[in-house]
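Structural characterization, general
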Amino acid sequence: YSHELLETAIGEINAAEPDIVVVAGDLTDDGYPDQYPRAKQELEAIACEHVILVPGNHDARNVGYTLFEDTFGTRDRRMRLQCAGHDVALVAVDSSKPDLDEGEIGREHYGWIEEGFAGDTDLRIFVCHHHLMPVPGTGRERNQVLDAGDVISLLRQLSVDLVLSGHRHVPYVWPVAGMYIVHSGTVSTYRTRGFPHPAYNLIRVENRRIAVELKIPG
């Protein structure tokens, strides 16, 4: 972990004045009680009204998922936002499983997700920690969401535009069935894999066109 990397990245993010900031999990290393307060303190420097956080598999370790709720609030969220004149529907789901690296959205979430995207909206965003597609260059390319096929089918039926995930420490973008599947790299550690630099994504949406810019802090 590098405090300097995170501080630099947050400064750049604040300068960009984003409408939404998504932190796609692994805020801690092991989910221990002493790690959550520091993570919260660091992330409070983000100057954005809408900061969306979901737990990762590291956060769910050692009963850390309960500490996530105590520190950051609910692990699942549904939101309707007005961003630059656009109506945005955002659904964020905890895909982590306690003490397991693999993840699952779970059938119990499907109806809840569908309700979150109901009605007319200009942009639909789905957030979870685990990736729905194999990501090259990770050393482990198999799916990490056990019900990935069903979830992709559901999101396609719901006309989701953007899927944001993390987990494998490799930035990656892939268009699938009219959706953009976007993975973030690791922003504040040197646990990189196929891409050798810490990084984050800056995503711009204009006239329903989605542009993803890979940013290296500093």
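The rules behind each value
Residues numbered from 1 in each chain as written. Predicted model: local features only at pLDDT ≥ 70, side-chain atom pairs only at ≥ 80, totals over all residues. Heavy atoms only, no water. Helix = DSSP H or I, 4+ residues; strand = E, 2+ residues; numbered from the N terminus. Rg over C-alpha atoms; globule rule 2.2 N^0.38 Å. Buried < 20%, exposed > 50% of the residue type's maximum accessible area, 1.4 Å probe, protein only. Contact = heavy atoms within 4.5 Å. Areas by Shrake-Rupley, 256 points an atom, 1.4 Å probe, with all protein chains shown as cover. Lys, Arg positive; Asp, Glu negative; His and termini not counted. Charge placed at Lys NZ, Arg CZ, Asp CG, Glu CD. Phe/Tyr/Trp six-rings, centres within 6.5 Å; stacked < 30°, edge-to-face > 60°. Arc of directions from axis to C-beta. Pairing = 2+ DSSP bridges. Axes fitted to C-alpha atoms, helices over the stretch in contact; angles between N-to-C directions.

With that settled, the discussion passes to the overall build of the protein. Helices and strands together make up the secondary structure of the protein, namely five helices and 12 strands. Over its C-alpha atoms the protein spans a radius of gyration of 16 Å, differing by no more than 12% from the 17 Å that the globule rule assigns to 218 residues. Structurally, the protein occupies a C-alpha span of about 40 × 35 × 35 Å along its principal axes. With 218 residues in all, the protein has 47% of them scored as buried. Contacts in the protein between residues far apart in sequence, at least 24 positions, make up 64% of those at least 6 positions apart. Accessible surface, the protein: about 10600 Å² in total, of which carbon and sulfur atoms supply 48%. Within the protein, the 33 negative side-chain charges are centred at a point lying 4 Å from the centre of the 20 positive side-chain charges.

Enumeration over the complete set of coordinates arrives at three aromatic pairs. Ring plane angle 55° and centroid distance 6.3 Å describe the contact between Tyr 36 and Phe 72, whose orientation is recorded as tilted. Of this pair, Tyr 36 sits in helix α2 (residues 35-43) while Phe 72 is found in helix α3 (residues 64-72), placing the two residues 36 residues apart along the sequence. By relative accessible area, Tyr 36 is classed as buried at 1%. In this structure Phe 72 comes out as partly exposed when scored by relative accessible area, which is 22%.

Moving on to helix α5 (residues 148-157). Turn by turn, an α-helix covers 3.6 residues, leaving residues three or four places apart pointing in a common direction. Of the residues making up α5, those classed as buried are Ala 148, Val 151, Ile 152, Leu 154 and Leu 155. Taken down its axis, α5 places every buried residue within 160° of arc, on the same side. Projecting away from the buried face of α5 at angles above 90 degrees are the exposed residues Gly 149 and Gln 157. Contact partners of the buried residues in α5: α4 (110-116), β7 (123-127), β8 (162-165), β9 (172-176) and β10 (179-183).

Moving on: the environment of Tyr 65. Relative to the assigned elements, Tyr 65 resides in helix α3. A relative accessible area of 26% places Tyr 65 in the partly exposed class. It is 9.5 Å that separates the C-alpha atoms of Tyr 65 and Asp 94, two residues lying 29 residues apart in sequence.

Here we take up the sheet that holds β9. Pairing in this open sheet of six strands is mixed, and the strands run β3-β4-β7-β8-β10-β9 from one edge to the other. Unpaired on one side and paired on the other, β3 (77-83) and β9 mark the two borders of the sheet. Strand-to-strand, the axes of this sheet are offset by a mean angle of 20°, without reference to chain direction. In the sheet, β3 pairs with strand β4 (residues 86-92) via seven bridges, with the strands oriented antiparallel. Along β4, the bridge assignment pairs Cys 83 with His 86. Together, β7, β8, β9 and β10 form the strand contacts of α5, whose direction differs from that of β10 by roughly 130°.

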